[in-house]
Structure formats: C-alpha cells, structure tokens
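Residue strings, one per chain:
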Amino acid sequence: MRKAYVARQREALGRKSVAVLPVHYPKEILTAMDVLAVELWGPPGSPRGPEAGRLQTYVCAVVRNALAFMAGGHADVVDAALFPHTCDSVQGLATLVTDFGGWSKPSFVFQHPKGPTRASARKFLIAELRALAAWLGTLTGRPLDVEALRRAIRLHRAIDETKARVLARRERLPLSDRELYEALRRGEWLWPEEHLDELRELEGKLALDAPPRAGVPLMVTGYVPEPMALLDALDDAGAYVVRDDWAAVGRRVVVPRCAPDLDGDPFEALATLYYEAPECPTRSLDQEARTRRLLSLYDESGARGVIVHEPKFCEPEAFDVPAIKRAFAERGAPLLYLETELETELSGQTTTRLEAFVEMVGARRAA
Amino acid sequence: MIGVVGKLGRRRLEYEVVKRLVGPLLTEVESARARVKSFRKRGHQPKGPFGPPLESARKLKELMTRHYLEGRYADGAVPVAWVTSGFPVEVLRPLGFHAVYPENHAALCAVQRVVPHLSEAIEQQGYSRDLCSYPRADLGSVVLQETPVGRLPRPDLLCCCTNICQTTLYWYRALAAHFHVPLVLVDPPFVYGEAKPHHREYVRDQLEELLDVAGKVAGRRATMDEIVEVTRLAREGTLLWGECLAESRNRPAPWTGIDGFFHIAPIVALRGKPECNAYYRQLRDELRHRVDKGIGGIRDERHRLLWDNLPIWFDVRGTATLLAERGFNFVCTSYTNAWAEAGSRIDPADPLGSAVIAYTDIILNQDLGKRYATLARLAEEYTCDGAVLHSDRSCKPYSIGQLDLKQRLAKDLGIKVMVLEADHGDPRAYAVEQGHGRLTAFMESFA
Ligand code: SF4
Ligand code: SF4
C-alpha cells in the first residue's frame, strides 16, 4: 500500500520521497520542500533476503530489518534515505549500507545534538537543520522557501495539537486500540495535509458526552507499537491504552510550554520545538526528567498499570528501564516489562503474560 | 563550618600523605621484592611458548596500583571526575582533578572475572544482560560498593564524550541520576566522509563550555599556559605509546598484542601526566633492546595476526597461549592503535583546535570506509598474514560492519580473516572451549 502511495505521489504530484529511519527528525523541512517522508521502523517480521546476515543477531531488529529491507531493494521506490542520529546502531547502519553496499541513492545523516539546551548545541542544531534543507534542495532541485517552512511548521503544529487532543481523550473514541494506532501511524507515510484531515475526522468521532470506554486503562512506555497484535491482545483481555509514551507515537507529539515564534526565523522555531519535545533517551541527558514525565502522565490519565514495552537489544531504552521500574514501584503502580523483537505476531507466552497482568490490575481495581 | 573545613583538611592531608609517601614507599617495597624474585630466578629459562616477561610489566603494576590507591583518598580532598576513555581530559588535569576511568576499572573487573557478580546485582534492578558489560560492571560496582581496587572515589563531576559510543551517554545518565552530580557532555558528531565545518565548530564550542564547567567545579579556570603544558605531555605520551606499538613491525615482534592490551592502561587513565610518559619511555627502550637482541614476545613466531575490537579480557591469557603454542602472535590491534593515532593529533601550538580534530576523528567515530582503511594499513605495516575480528556482543559500534570488513580484507589483502563472536567482559556470553575450537580451526587453515 505504501509503495503504491509513494509511486502515486510521484506520478500525480511530482513529489519526491525519502525513507526515514527512527526516531526524531524535522519533518517540517521535508514538508516545506514538498518531499514525502516514509518512515522505516524495521519493518516488522523476519529480515528478508541474503542481506539479513550482514548484521549480528545482537543488533536490534529495527536496524537489522531495515538493512535487509533496503539492501533487498524493497525501498527503491523512494528517492533518498535520511538517518537521524538516534543510537550507535542507526549510526552504524548509515555507514554500512551506504559505504559497503545496499543503498546507492542519496542519503543524509541528521546529527541532532544530545543533551539539554546549551548555546553550542542550539547553534549546532540550527546549522544541521540548514544543512538538511540544503541537501533536500539538491535532491529536489529547488531551494527552501522560508515562507513554505513557516506554513509547514504551522501544519505540523496543527497535527500535533490534534493528535494530543485525540490521545488525551482516547477513552471516548468508539475505536479499538488497533484502529486508533493504525490511524495515528498512517502519519508515518501519508502526506501531512491528508494525515491532518484524517486526524480531524478521528477527532470528530470523539463522543465527549458518552461514558468512557469500559475496561482496564493502562499506560505504555516504550519504542514502537509492534507487533500490533499486542493491542488486540490487550483488547481481548479487557484493557486499553489510555496514555502512551511510545517513541514512535506519543513521545513525538510536541505540546510546547512556551510557544515558538512562528513569524520569526523558522529554524529558530524548529530548534525551540526540538527542546520542547518530550524526554527521550535518544536525545536527552536527564533520566529523572523522563521518569517524572511518565509519573505525571500516569497520574493525569487515570491509568491503573504500566507496560514497559521495549525492543530487544535497544540500549537507549534499556538503560532507563530500571529507573522506570523503581519510580513506579515507589508509586505502588503495577508494571509489566515486555521485550519484543519486531515480530509480526505475538507469542502465546506474551499473550498469557498480558492477560495475567490485566487480570491482576483489574482485580486490584475492584478491591 | 569549622567541622567541614576540618574534615576537608583531613581528607586532603590523607590524600597528600598517600600520594607523596605511602604510594612511593609501597612502590619501593614492591620493587625490592621483585628484584629479589628476579635475582632468585636468574639463569632460569622461562617455560612455555612466550618470550621472557617484560621488565616493564612490574612498573606498570606499580603505576596503576598507585593511581587506584590515590583514588581511594581523593574524594573530599581534590575534585574527582569520572571520565569516559575518549574524553578530552587535558582540560581537567591542570585543575587538579583526580580522573577515574570507569572503562579502565571495568576492564580490571573483567580480567578478574567479577563482571557476572557485579552485573547480577543490577540485573536484579532491571538492567538487561544485553547491555555493554562495561557499564554493567561499573553500575554493579557502584550499587554493591565493591571493587577489586579497594574503593573508587565519589565523583563531583561526570564527563562523557560520545566519540566512542552513545552507550556512554546512557550509562552516564544513569550515574548522574545515582550520584546527583553534574554531567558534562562533549558530543562530537560522527564523521561520515569529512567532518563539516559546523561539526568542528560544535566540538570547539563544547570544549569552551567544558572549560567553564570544570572551572566552576574546581573553583578556578585553567590558564592557557597550563593547558598547553598538559597538551604537550599528552601528545608526547601518545607518541611514545605509538613508538612502543611500532616496535612490533619487527620480526619477531618483541611483545605480544595481548601485552599491549594491558600496557595501554596509562595512556588511557594517566594521559597528560609526566609519570605516564616516563613509563612509556622505559617500555619503549626495553622493547628496542629486545628487538636488538632478537627476543620475541613469543618464542617461535611463524604467523602474524591483526586483532580488531576490544580484547576478551577474561580470556586474554588463554587466547594468547593457545595462539603462541602454534606460533601465532597478535602483532597489532586496532584498539591499542587507536590511542596512538588519536592523541598524536593533539598539538600544543593549538590545544583546543587540535583537540577538536583529535577527539572527533577517532576510529569509532568515523565511517566504516575509514575503519577498513585503518585495518588494511595496519595489516600491511605489520606484515600480518591473518586477522581475527572480535565480534563483541557488548560493543555494537565496534562490531557493526565486521562481517563486511571480513570479506573485504580477505579479498583485497589475500589474508585469512575470521570473525570470533564473544564478549569483552562477561564470561557468561562466551563459551571458551567453543571459541578456542574455532581459533584452532582458523590456525589450522594456515597449514
Ligand atoms: S530500537 Fe533502539 S537500538 Fe534499535 S534503532 Fe531504535 S533506538 Fe536504536
Ligand atoms: S565497549 Fe563499546 S559500547 Fe561499551 S563503553 Fe566501550 S565503546 Fe561503548
């Protein structure tokens, strides 16, 4: 479906497209340059083709699958690739696939700075944003139009604001978790204006006067909602996701405390938004800030338990797990730690663990 | 207040006594004991496949023992920084910081095979066994307050440079949350092709910020003269280390690559200090002497190998013996070489400008094309006829791409190359017999 969509965008609108590896990148610049972003979270399933063996099995499935996918020619429909500076594994993939074979189209590494706002980091971030815009200019043959960037920032603000409203009231949506997350994740490859239309339609379905959804409300923190069967299993067990901090979804919804100046220098505005984004171990230095944020999400959402859902072999996430466990144990909140490998189906054992967890949380609530 | 001052004064006094009296005294006693031992052993031919042991090994032990001994008394006496191995430590030295290298300490834990014990303590808290064994050992040591070196001083400042990996960032995040002390970051962008001007500028700006932060913690800013002097020492030490390594271009190599893994400790942990340079001068002279006399690191050197990645610390001896018995020696390693290359770019004439390049363009912060070029150059310069690429479960930045590197090295250089999957620190992740079986089969292929 994605392939056909990307092809149609090129044929009907002459729009170029870029495959984007996880997690954080300034999509606004791509939109402003009329470039379609198609995110590559793996994709799920076993890595396909002979290239799958070029990475050791102790590298996360997101990167192994991406290598096999790209080198197998499955991403050839796009015009270029963008590698954000997420972790050692994405960093390694960016050189492996471009220098040793697998990706011969143009590529760019967006080296976002790590750590808190510092004068050096902000200056560097703005220079990187400009470098990305210049690269896209070469790719498209058109220079960046600053006014178009301002419009794109406004468009993505509208997307984030709508998403935030939908997510905050998701228990009043007449949708299953799978339906909701499939709709939200269409933003990983749809043209942003179409995605906003769909989100608004989704928001229109919010039945604010209806009673909240029945079932056990849970919060999830983790990386990416794969396998999606996880959501079905929760549904079947009588639970639903009332708040999420998946890096792919909730953690990328920016609700700035101080609004950026959208009429001024758009690169400055993007830098402000970058530092206003929720805490993510792939960018920040402050582990305690992440746990504080998770606790406040938990409290405000009415969740009754937490699922920590991580991909195996993911260092940025794995280093935070003990602190998260400790923080929720101190709060007396039930917590389930789940490690998955980007498989397409959920194992029977995982399903059983989920059912048992939901049952336990449900029983606590009743008591 | 008086109590605090008194306590600080006492700590400082203890520290100075250990540094100036106890440390040197222990060193003297150790030296005397070693001299007696070597006198008794005179005339004895060493048994086994190795050449005579290096005299400098004793000095190395003394040097590192003193370093860790001083560390026990450092907190409360002088500012203490915990520092990643690739951090521009030159900025801290003039301010009197005692620098602790958790990686070096974790390697020591690995050699002593205590990583599983330390790691289990934090695995119980939810740390995954899949994480690099260095942070697991270090965090375990912090939680249990156990270390083979007696005691590590509490940090006042955490100094992380991500030029070796991003893992250090997550590790130091956890340390900062534990100790509640500032974490200062130097984040050199990864170099794909050539570093862009704004990448260099970013590192330069961070070094300036670092000068401020370190100055605040230490109570004064380092002067440029002081930085120039420490940079001079660091450069000299690195060049001396490079000269030691280069002696292995001779046949037979006067020491083993495995020796190199141990003798690297001062250039990592004491870089920029006069005692580091004095040590490498002695080592270099001893190696030159061995070359003149035709003394090899192993008795019968028939094949010369390149080693890529960290060593398997807990089986360094076992691996070396297995190889030496069959006439194989690791004459060069990309790991030990990295310390010779990076620091030699430091230039006292432009301490900060040169530090930008030295701390950005290091092997683990550069693309695979450059990694390949380094490996190929080392294999040629040291006339290797084979290479072992240690695929280290703990260290992804070093290991990603090795399967492709293997193919290319074998094809372009016509040498035999194997990938050995193991772990640098955790014996639970490496079946030694199986590994030795694979190495034996590899060596048999040279027949
Ligand atoms: S899952 Fe983790 S390790 Fe893998 S690409 Fe994402 S952030 Fe990196
Ligand atoms: S061994 Fe590798 S992953 Fe571990 S701290 Fe060192 S460079 Fe980083």
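Before going into details, it helps to say that this report is about the structure given with it. (Residues numbered from 1 in each chain as written. Chains lettered and ligands numbered in written order. Predicted model: local features only at pLDDT ≥ 70, side-chain atom pairs only at ≥ 80, totals over all residues. Heavy atoms only, no water.)

**Remarks on the environment of Ala-152 of chain A**
All names here are of chain A. Secondary-structure assignment places Ala-152 in helix H6 (residues 146-168). Residue Ala-152 is classed as buried on the basis of its relative accessible area of 3%. Between the alpha carbons of Ala-152 and Ile-29 there is a distance of 7.3 Å; along the sequence they are 123 residues apart. Excluding anything up to four places from it in sequence, Ala-152 contacts Glu-28, Thr-31 and Ala-32. (Helix = DSSP H or I, 4+ residues; strand = E, 2+ residues; numbered from the N terminus. Buried < 20%, exposed > 50% of the residue type's maximum accessible area, 1.4 Å probe, protein only. Contact = heavy atoms within 4.5 Å.)

**Notes on the sheet that holds strand E7 (residues 305-311) of chain A**
Residue and element names in this part refer to chain A. Read across the sheet, four strands follow the order E6-E5-E7-E8 without closing on themselves; strand pairing throughout is parallel. Since the sheet does not close on itself, it has two edges, and those belong to strand E6 (239-246) and strand E8 (335-340), each with one partner. Sheet twist, expressed as the mean angle between neighbouring strand axes with direction ignored, is 25 degrees. Alignment of strand E5 (residues 216-222) against E6, held across seven bridges, turns out to be parallel. Pairing of Thr-221 across the sheet is with Asp-245, part of E6. Docked against the sheet, helix H9 (residues 229-237) engages E5, E6, E7 and E8, running at close to 145 degrees with respect to E6. (Pairing = 2+ DSSP bridges. Axes fitted to C-alpha atoms, helices over the stretch in contact; angles between N-to-C directions.)

**A look at the site of ligand 2**
Taken together, Cys-132, Tyr-134, Ile-164, Cys-165, Trp-171, Leu-310, Ser-394, Cys-395 and His-424 of chain B make up all the residues around ligand 2. Counted by class, the shell around ligand 2 contains seven nonpolar, two polar and no charged residues. (Near = heavy atom within 4 Å. Nonpolar A, V, L, I, M, F, W, Y, C, P; charged D, E, K, R; others polar.)

**What about the environment of Gly-294 of chain B?**
Following the sequence through the fold, Gly-294 of chain B ends up in the loop between helix H11 (274-293) and strand E5 (303-308). On a C-alpha basis, the gap between Gly-294 of chain B and Ala-253 of chain B in space is 8.7 Å, while along the polypeptide they are 41 residues apart.

**Details of the pairing of strand E3 (residues 80-84) of chain A**
Residue and element names in this part refer to chain A. By the criterion of burial, E3 is predominantly enclosed, with five of the five residues buried. When strand E1 (residues 16-20) meets E3, the two strands line up parallel, connected through three bridges. Across the sheet, the residue bridging to Val-20 is Leu-82, located in E3. Regarding the hand of the β-α-β motif, the stretch spanning E3, helix H4 (residues 88-99) and strand E4 (residues 107-110) is right-handed. (Right-handed = clockwise from strand over helix to strand, strands pointing away.)

**Some words on the interface of chain B and chain A**
The interface of chain B with chain A comprises 49 residues on the first partner and 52 residues on the second. Carbon and sulfur atoms supply 58% of the area buried between chain B and chain A, which totals about 4,600 Å² over both sides. At the junction of chain B and chain A, the tally comes to seven salt bridges. Between Glu-315 of chain A and Lys-396 of chain B there is a salt bridge whose closest N-O contact spans 2.3 Å. There are 24 residue pairs in polar contact (both at pLDDT 80 or more) connecting chain B and chain A. Residue assignment for the side of chain B that touches chain A shows that the elements contributing at least two residues are helix H5 (133-144), helix H6 (167-179), strand E4 (183-186), helix H7 (197-218), helix H15 (368-381), strand E7 (386-392), helix H16 (396-399) and helix H17 (402-413) of chain B. Of the residues belonging to the side of chain B that touches chain A, the class tally is 22 nonpolar, 13 polar and 14 charged. (Buried area = accessible area lost by both parts, 1.4 Å probe. Salt bridge = Lys/Arg side-chain N within 4 Å of Asp/Glu carboxyl O. Polar contact = N/O pair within 3.5 Å; in protein donor to acceptor, adjacent residues only side chain to side chain.)

**Looking at the nonpolar core**
Ranked by size, the top nonpolar core spans 228 residues in total, and within it Phe-83 and Tyr-181 of chain A together with Trp-241 of chain B carry the most contacts. Excluding its chain neighbours within four sequence positions, the residues that come into contact with Trp-241 of chain B are Trp-255, Gly-260, His-263, Ile-264, Ile-267, Tyr-280, Thr-336, Trp-339 and Ala-340 of chain B. By size, the runner-up hydrophobic cluster in this structure holds 38 residues, among which are Ala-80, Phe-108, Leu-273 and Tyr-274 of chain A. (Core = buried A, V, L, I, M, F, W, Y, C linked by side-chain atoms within 4.5 Å.)

**Describing the sheet that holds strand E6 (residues 328-333) of chain B**
Residues and elements named next belong to chain B. Sheet architecture is open: four strands sit in the order E6-E5-E7-E8, paired in parallel fashion. Taken across any chain shown, the strands that pair with only one partner, and hence form the sheet edges, are E6 and strand E8 (416-422). Mean inter-strand twist for the sheet, computed between neighbouring axes without regard to direction, equals 30 degrees. Bridging between E5 and E6 involves five bridges; their strand directions are parallel. Following the sheet pairing, Arg-304 is matched in E6 by Asn-329.

**A word on the site of ligand 1**
In the vicinity of ligand 1, the contacting residues are Cys-60, Val-62, Val-63, Thr-86, Cys-87, Val-90, Tyr-223, Pro-311, Phe-313, Cys-314 and Pro-316 of chain A. Residues that form the shell around ligand 1 fall into these classes: ten nonpolar, one polar and no charged.

**Overview of a nonpolar patch on the surface**
All names here are of chain B. A cluster of nonpolar residues, Leu-13, Val-17, Leu-21, Val-22 and Leu-26, forms a patch on the protein surface that exposes about 440 Å² of accessible area. Mapped onto the elements of the fold, Leu-13 is located in helix H1 (residues 2-40). Exposure remark for Leu-13: the relative accessible area of 58% places this residue in the exposed category. (Patch = residues over 30% accessible without salt bridge, like charges linked within 9 Å, V, L, I, M, F, W, Y side chains within 5 Å. Areas by Shrake-Rupley, 256 points an atom, 1.4 Å probe, with all protein chains shown as cover.)

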